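Inside the fold
Single-letter residue listing:
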Amino acid sequence: MRTRRRIGAIGLVLIALLAGSGMAWAQTDEDDVIEIEDSEDVADTLFNFGYDIMNRLLLWNLSALDGIYDCTLENGPLTATYGETSETGLVPVDELEGASGAVEFPNRPADQVADDLEPADSPIAYSGAEGECGVSGGEVSGPNGQVNHGMFMKLFNSLYDGRGRGCVVRYLAQSDLGKGEQQVQANDTTPFESVEAGDTGTVDFTSAEADCEHGRKASEQDGGAELDAQAGNGSNGKPDHAGKPDNVGKPDQAGKPDDSGKPDDSGKPESRGSAGSPGNSGSAPGHNK
């Protein structure tokens, strides 16, 4: 009889231990889920980029996702009218039009705008590279006239010197820019003239959202880039500094000198495949609510 009581008591203890362990495991799993959710990055920067294949121009702008206006440009082909090219090769977009006229950017609701900005009451029309949601870019061309995927990366890194470069350049890397019909071999004999003020071109933009606030340390280590000081106003398409002179269209130090009579390594087509097109949202760096 005593033996049965002992066995019964041991059984109850084992059941209690198992129940306690189950609760602990459940609590652990719940904590893990919460931790993962808290660690998710929140997008704060909108990056628009597109390519005018006829004029060989890569165009872009960056803006804050809690800025006054929504600068998204992923709404079909647009017609760009270009301004005077700067000494450093930066090409401003003076006018940007769709089928119904000048592109308009909707104003964001007050609860989506950074606390230190004054919400707008109505949309705003595109007013040039120096205005809200301004767009600018540069000519994609290597030392021997080649256009390939690497040339797009090199151009962006040389012309855009604002904070956020390191967190958005991956979207260019994952795109199909400079591949397929966009690729031009070195010493190609197809006639081509650089864009002049007043020229127009057609551009189909892609809009991507990036987390530049959490990736700031990584971007600073990768070139020390800094985004426009007015990150919340949606006019980050223009760099603070246009970049170093003569960087555009010249081979980097790793390439062979041009006097060798042979194109450098940058003239070879990229062998890397596309990682897919970037997708198409948070608070801007320095404007967290």
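See the structure printed just above.
Residues numbered from 1 in each chain as written. Predicted model: local features only at pLDDT ≥ 70, side-chain atom pairs only at ≥ 80, totals over all residues. Heavy atoms only, no water.

A few words now on the overall build of the chain. Looking only at helices and strands, the chain has 4 helices and 9 strands in total. Residue burial in the chain is summarised as follows: out of 289 residues, 41% are buried. Put simply, the chain shows about 15,800 Å² of open surface, and 49% of that area lies on carbon and sulfur atoms. (Helix = DSSP H or I, 4+ residues; strand = E, 2+ residues; numbered from the N terminus. Buried < 20%, exposed > 50% of the residue type's maximum accessible area, 1.4 Å probe, protein only. Areas by Shrake-Rupley, 256 points an atom, 1.4 Å probe, with all protein chains shown as cover.)

Our focus in this paragraph is the nonpolar core. Note that soluble globular proteins tend to have their nonpolar side chains buried in a common cluster. With 28 residues, the main nonpolar core has Leu59, Tyr82 and Leu96 as its most contacted residues. Mapped onto this core, the elements with two or more residues apiece are β2 (57–64), β3 (78–82), β4 (91–98) and β9 (200–210). Not counting the four nearest positions on each side in its chain, Leu59 is found in contact with Asn48, Phe49, Gly50, Ala80, Tyr82, Val93, Val135, Ser136, Gly137, Val203 and Phe205. (Core = buried A, V, L, I, M, F, W, Y, C linked by side-chain atoms within 4.5 Å. Contact = heavy atoms within 4.5 Å.)

Turning next to the packing of helix α2 (residues 149–159) against helix α3 (residues 165–173). Contact geometry of α2 with α3 gives a least axis separation of 10 Å together with a crossing angle of 160°. By the angle between their directions, the pair α2 and α3 is classed as roughly antiparallel. As for the relative orientation of α2 and α3, their crossing is right-handed in sense. Together, His149, Met153, Phe156 and Asn157 of α2 and Arg165, Val168, Val169, Leu172 and Ala173 of α3 make up the contact between the two elements. Of the residues in the contact of α2 with α3, the class split is 6 nonpolar, 2 polar and 1 charged. (Axes fitted to C-alpha atoms, helices over the stretch in contact; angles between N-to-C directions. Parallel < 35°, antiparallel > 145°, perpendicular 65-115°, else oblique. Left-handed = near helix turned anticlockwise from the far one by under 90°. Nonpolar A, V, L, I, M, F, W, Y, C, P; charged D, E, K, R; others polar.)

It is worth spelling out unusual backbone geometry at this point. The backbone of Arg56 shows a phi angle near 55°, a positive value even though the residue is not glycine. The topology assignment puts Arg56 in the loop between β1 (45–52) and β2. On the basis of relative accessible area, Arg56 is assigned to the buried category, the value being 11%.

The subject of this paragraph is the pairing of β9. As paired elements, β1 and β9 share 7 bridges and run antiparallel to each other. Within β9, the residue paired with Phe47 across the bridge is Ala208. Summarising the sheet, β3 and β9 pair through 4 bridges and their orientation is antiparallel. Following the sheet pairing, Leu78 is matched in β9 by Val203. (Pairing = 2+ DSSP bridges.)

Let's shift gears to the pairing of strand β8 (residues 136–139). By the bridge criterion, 4 bridges tie β2 to β8 in an arrangement that is antiparallel. From the neighbouring strand, Trp60 faces β8, where its bridge partner is Ser136. By the bridge criterion, 2 bridges tie β4 to β8 in an arrangement that is antiparallel. Along β8, the bridge assignment pairs Val91 with Gly137.

As for its position among the elements, Glu84 is in the loop between β3 and β4. Glu84 sits in the exposed class, given a relative accessible area of 63%. When the C-alpha atoms of Glu84 and Val195 are compared, they prove to be 8.9 Å apart, with 111 residues separating the residues in sequence. What Glu84 contacts, discounting residues up to four positions off in sequence, is Leu90, Pro92 and Ala197.

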